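Listed below are the residues making up each chain.
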Amino acid sequence: IVALWWSFWQRTSTSEQFMAAGRSLPGWAVGLSVFGSYISSISFLANPGKAFADNWNPAVFALAMPLAAWIAARWFVPFYRQAGEVSAYQHLEHRFGPWARTYAVVCFLLVQLARLGTILYLLALALSPLLGVNIPAIIVVVGIVVTIYPLLGGTEAWIWAGVIQAVVLVLGAAICLGALLLGMPGGPVETARLAAAEGKFSLGSFGPNLAESTFWVVLVYGFVTHLQNFGIDQSYVQRYITADSDQAARRSVWLGTWLFMPVSVVFFLIGTALWAFYQGHPDRLPTGLDATARPDAVFPHFIATELPPGLTGLVIAAICAAAMDSNLNCCATLVLCDLYRRYFRPQASERESLWVLRLSTLAMGALGTGAGLAMLSARSALDVWWQLAGILSGGILGLFLLGLISPRVRSGAALAGVAAGVVLILWMTFSPSPTLWPWPILRSPFHGLLTLVFGTVTVLLVGLVGGLFTTTRIAPPDIDGPKP
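Let me begin by describing the structure that accompanies this report. Note that the structure is predicted; figures quoted are calculated from it, not measured.

### Some details on the overall build of the protein chain
Argument step 1. Across its full length, the protein chain carries 20 helices and zero strands.
Argument step 2. In terms of C-alpha radius of gyration, the protein chain reaches 23 Å, essentially the compact-globule figure of 23 Å for 484 residues.
Argument step 3. For the C-alpha atoms alone, the extent of the protein chain along its principal axes is close to 70 × 60 × 45 Å.
Argument step 4. Out of the 484 residues belonging to the protein chain, those deemed buried represent 56%.

### Some details on the packing of aromatic side chains
Argument step 1. Throughout the structure, instances matching the rule amount to 24 aromatic pairs.
Argument step 2. Between phenylalanine 76 and phenylalanine 400, the aromatic rings sit 5.4 Å apart at their centres with planes inclined by 55°, giving tilted as the arrangement. Of this pair, phenylalanine 76 sits in helix H6 (residues 65-83) while phenylalanine 400 is found in helix H18 (residues 381-405), placing the two residues 324 residues apart along the sequence. Across this residue pair, the class does not change: phenylalanine 76 and phenylalanine 400 are buried.
Argument step 3. Here phenylalanine 79 and phenylalanine 400 contribute two aromatic rings whose centre-to-centre distance is 6.1 Å and whose plane-to-plane angle is 70°, an arrangement assigned as edge-to-face. With phenylalanine 79 in helix H6 and phenylalanine 400 in helix H18, the pair connects residues that are 321 residues apart, well separated along the chain. Assigned by exposure class, phenylalanine 79 and phenylalanine 400 land together as buried.
Argument step 4. Among the aromatic side chains, those forming a connected cluster through ring pairs are Tyr38, Phe61, Tyr221, Phe230, Tyr236 and Phe260.

### Some points on the state of the cysteines
Argument step 1. Following the criterion strictly, the structure yields zero disulfides and no others.
Argument step 2. Considering cysteine sulfurs only, cysteine 320 is the nearest to cysteine 176, which forms no disulfide, with 13 Å between them.
Argument step 3. Using a relative accessible area of 0% as the deciding quantity, one classes cysteine 176 as buried.
Argument step 4. A relative accessible area of 24% places cysteine 320 in the partly exposed class.

### Some words on the pattern of salt bridges
Argument step 1. Overall, the coordinates contain eight salt bridges when judged by the stated rule.
Argument step 2. We note a salt bridge from arginine 23 to glutamate 16, for which the minimum N-O separation is 2.7 Å.
Argument step 3. The partner of glutamate 93 in a salt bridge is arginine 342, with the nearest N and O atoms 2.9 Å apart. Of this pair, glutamate 93 sits in helix H7 (residues 90-96) while arginine 342 sits in helix H16 (residues 328-344), and the two are 249 residues apart along the sequence.
Argument step 4. Overall, glutamate 93 belongs to the buried group, its relative accessible area being 18%.
Argument step 5. Overlapping salt bridges, with partners in common, bring together Glu93, Arg101, Asp338 and Arg342 in one network.

### A word on the packing of helix H3 (residues 27-38) against helix H12 (residues 234-242)
Argument step 1. The contact between H3 and H12 brings their axes to 10 Å, and the two run at 170°. If you check the angle between H3 and H12, you find them roughly antiparallel. Contacts between H3 and H12 involve Val30, Ser33, Val34, Ser37 and Tyr38 from the former and Tyr236, Arg239 and Thr242 from the latter.
Argument step 2. Among the residues forming the contact of H3 with H12, the class breakdown is four nonpolar, three polar and one charged.

### Overview of helix H8 (residues 98-131)
Argument step 1. Taking 1.5 Å per residue as the helical rise, H8 with its 34 residues ought to reach 50 Å, and the 48 Å between its terminal C-alpha atoms agrees with that figure.
Argument step 2. Of all the bends in H8, the greatest, near 25°, is centred on leucine 125, and the proline proline 129 appears no more than four residues after it.
Argument step 3. Phi for glycine 132, located one or two positions after H8, is positive at around 70°.

Criteria and cut-off values
- The residue numbers shown here count from 1 along each chain, following its written sequence.
- Two thresholds apply to this predicted model, a pLDDT of at least 70 for residue-level local features and 80 or more for giving and counting side-chain atom pairs, whereas whole-chain, interface and lining totals are computed over all residues.
- In computing side-chain properties, one takes all heavy atoms of the structure into account and sets aside hydrogens as well as water.
- Secondary structure is summarised from DSSP: a helix means a run of H or I of at least four residues, a strand means a run of E of at least two, and numbering begins at the N terminus for each.
- Here the globule rule is a power law, 2.2 Å times the number of residues to the power 0.38, and the radius of gyration is based on C-alpha atoms.
- Exposure classes here rest on a 1.4 Å probe applied to the protein chains alone. A residue is buried below 20% of its type maximum, exposed above 50%, and partly exposed in between.
- A pair of aromatic rings is counted whenever rings of Phe, Tyr or Trp (Trp by its six-membered ring) have centres within 6.5 Å, and the orientation is called stacked for planes under 30 degrees apart, edge-to-face for over 60 and tilted otherwise.
- The disulfide criterion used throughout: a pair of cysteine sulfur atoms within 2.5 Å.
- One speaks of a salt bridge when a side-chain nitrogen belonging to Lys or Arg is within 4 Å of a carboxyl oxygen belonging to Asp or Glu.
- Axis definition: a line fit to C-alpha positions, over the contact stretch in the case of helices; interaxial angles, taken between N-to-C directions, run 0 to 180 degrees.
- We call two directions roughly parallel when the angle between them is under 35 degrees, roughly antiparallel when it is over 145, roughly perpendicular when it lies between 65 and 115, and oblique otherwise.
- What makes two residues a contact is simply this: any of their non-hydrogen atoms within 4.5 Å.
- Any residue that is not Ala, Val, Leu, Ile, Met, Phe, Trp, Tyr, Cys, Pro, Asp, Glu, Lys or Arg is counted as polar, Gly included; the first ten are nonpolar and the last four charged.
- Expected helix span is given by 1.5 Å per residue-to-residue step, counting one fewer step than there are residues.
- Bend is the name given here to the angle between axes fitted to two runs of seven residues, the run ending at a residue and the run starting at it.

Take a look at the structure:
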């Protein structure tokens, strides 16, 4: 991966090439990059841990992906391709004013810092016992690596690195699953029998309870999350722009979808197979490892102790590959297009723009590495990530949909909707904690996965109601593409 950027160093001599890769990449490469972005070290390490400790309820997340992909391929991709703007949020200023564009950009940048910090921390947590290197050192070294190749190679290096990552990820996951099933006394049949008897394949309750992680709660959460990723996330929108045609951009969405769904099942199979394996070999778990309290640590232990040399290295490479998608070049693109050119230097020269892109990539990489080191003091890095992602990104999807649905909604109504949505998200995030919320009667009765869902709906409803009191109409953006 590090060597890859040398081949692209001379090809990023302009800001357009750095951000959009000449808009000439094949759809299959963009699609593999989309898939690689979906599978981070959070998925690679956390999903097997969830299946080991409980069941397949989180796997429902993937079932909602095709509907979101269809909406994205039908409407969102043509909209961005027709607009031609590299930034996903520039159109928000045309619709609601500068505040909407800046709000979305700042939220995206903060979410990416939290995401990179969480990925680096979880990667270091897994690699430390495998390599015998302390966690802070791994965070710093990997942070430098994930900063270097987008810094010098730009978006084209980022896309092709994603292709390599996708291949290594699939190989690593397949090797682990094969080793688990073949190493189990009785093979795959015994694994399936034990897991089925304990309800390990359960997708959760199908009841209407919104306070639990039921099948429906996870399904709705998955749909809104996928729609947000495919529809408004800069890291995906920028990929659409790099494709060589509209058809290739649409294919990339579907390729990423049809790859993610079976591979996500493989990760849950790994977790279930880990549970069955250690049911048959309880003596192979070290006495110091509490598998109930630390299920995420079981998979790295299996890799270190059960896989032969060579295969262990490949799986370690797969875990590293899952952490390589830093989205730093997307952050740099927004800094240049939506902040620097918008507020400071609208007529920035080509040389100046390229310097801003590179310095922004370097700065975001350093801040993301710092966020990873800050995770060392967190009790649960995943909980911190989920809370930050929900708070910072909950209003953006609602704001975007508000602009598309109603031509009556103006800036004031949109701002009121975002404010109401953020307040609701904060309440649902912090009220369940007795230490942060001293009023038990006012605590949120809903499951945390619904925070993003209810936040998005609140933005829409409040904005639409506010739009009823607006007398002038604004034509919504044309998302059907150019007419014949």
